Amino acid sequence: GYTMKKADCGENPVLRCPFALSDDSQVFCGAAAENTSQVVSIGAIVYGDGSVTNGIVTGKTPIGVVFDTANRLAVALTDVKKDGTAGSETMLWSSSYCDTPGLQNCTTTEISYGTDLTPITCGVDGRLNTNAILASTCNGTTYAATATNNYQPAACTKDFCKKSKWFLPSIRDLQNIYLQKTQIDASLTLLKSNGATDIGTKYYWSSTEGSGNYAWIFGMGNGGRGLNRKGSNSYYVRPVLAF
């Protein structure tokens, strides 16, 4: 774990390798530097002050759990309700239908139905997807995207986790959460006293559109995915965050 340089730690605490105490190129940075320097793993905990650790830190309040280290994405501790508050209720994707401007249509030629878990390359940026959905005027009330965009955990003290920073995950994000669900749920279980709830086996809306009438959903029980009508079917929503 002693893979950092002393310069990487700034003014934060430095722990040197016990077998190379005079070597400033083999150190471990203190917690305050971990969000920018320290390599984190799936299931690591993101805190409201912006720090990220691979375990619970006393005195800090968690807001999310890492599920994608390559893109530095974390999932919220809970689902959200239509008003953006923490809780769990199903909702429509939108109140009406349209081919959302600026949103890529991902059809069954790009994303298969069922449980084919090959990597997804269509409509993968949940933040850009959510922005396009919110900017549309033809979808009516955009319940799922608006709920995630309005979410802000009480423990958030930095700009990165305030309202408008959380977004509706893409279908790729949801698949990655499913693939890492064991580690994610283990961390969420540890954080139950902070209001965390596990991913479970529910179906979740994604921000990835199939057509004017349909958006993609993902089933956390079996890895199934498919297209469902935006304004006719109700599913759960869990926000995602870039940290």
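Residues numbered from 1 in each chain as written. Predicted model: local features only at pLDDT ≥ 70, side-chain atom pairs only at ≥ 80, totals over all residues. Heavy atoms only, no water.

Draft legend 1. How the structure looks around the environment of Asp 83. Positionally, Asp 83 belongs in the loop between β6 (73-76) and α1 (126-135). In this structure, the C-alpha to C-alpha distance between Asp 83 and Ala 147, residues 64 residues apart in sequence, is 5.7 Å. A polar atom in the side chain of Asp 83 sits 2.6 Å from the side chain of Thr 85. (Helix = DSSP H or I, 4+ residues; strand = E, 2+ residues; numbered from the N terminus. Polar contact = N/O pair within 3.5 Å; in protein donor to acceptor, adjacent residues only side chain to side chain.)

Draft legend 2. Representation of the side chain of Thr 100 in the model. Turning to its location among the elements, Thr 100 is positioned in the loop between β6 and α1. Using a relative accessible area of 2% as the deciding quantity, one classes Thr 100 as buried. Within the structure, Thr 100 has its side chain in polar contact with the side chain of Asn 139 (distance 2.9 Å). Sequence-distant contacts of Thr 100, that is, excluding residues within four places in its chain, are made with Trp 93, Ala 132, Ile 133, Ser 136, Asn 139, Glu 209 and Lys 230. (Buried < 20%, exposed > 50% of the residue type's maximum accessible area, 1.4 Å probe, protein only. Contact = heavy atoms within 4.5 Å.)

Draft legend 3. View of the state of the cysteines. With the rule as written, the count across this model stands at 3 disulfides. Covalently, Cys 106 is tied to Cys 122 through a disulfide, its sulfur atoms 2.0 Å apart. Taking the torsion about the sulfur-sulfur bond, which here is approximately -90 degrees, the covalent link between Cys 106 and Cys 122 counts as left-handed. Linking Cys 106 in the loop between β6 and α1 with Cys 122 in the loop between β6 and α1, this pair joins segments that are 16 residues apart in sequence. (Disulfide = S-S within 2.5 Å.)

Draft legend 4. Molecular detail of the nonpolar core. One finds Val 46, Trp 93, Trp 205 and Phe 243 to be the most contacted residues of the largest nonpolar core, which totals 30 residues. Of all the elements in the fold, those that place two or more residues in this core are β5 (62-68), β6, α1, α2 (143-149) and β8 (214-219). The greatest single-element share of this core, amounting to 3 residues, is contributed by α2. Once residues within four sequence positions are removed from consideration, Val 46 is found in contact with Ser 51, Val 52, Pro 62, Ile 63, Gly 64, Val 66, Ala 74, Phe 160 and Phe 243. Core analysis: the next-biggest nonpolar cluster, separate from the first, contains 26 residues, Ile 111, Ile 120, Cys 122 and Tyr 204 among them. (Core = buried A, V, L, I, M, F, W, Y, C linked by side-chain atoms within 4.5 Å.)

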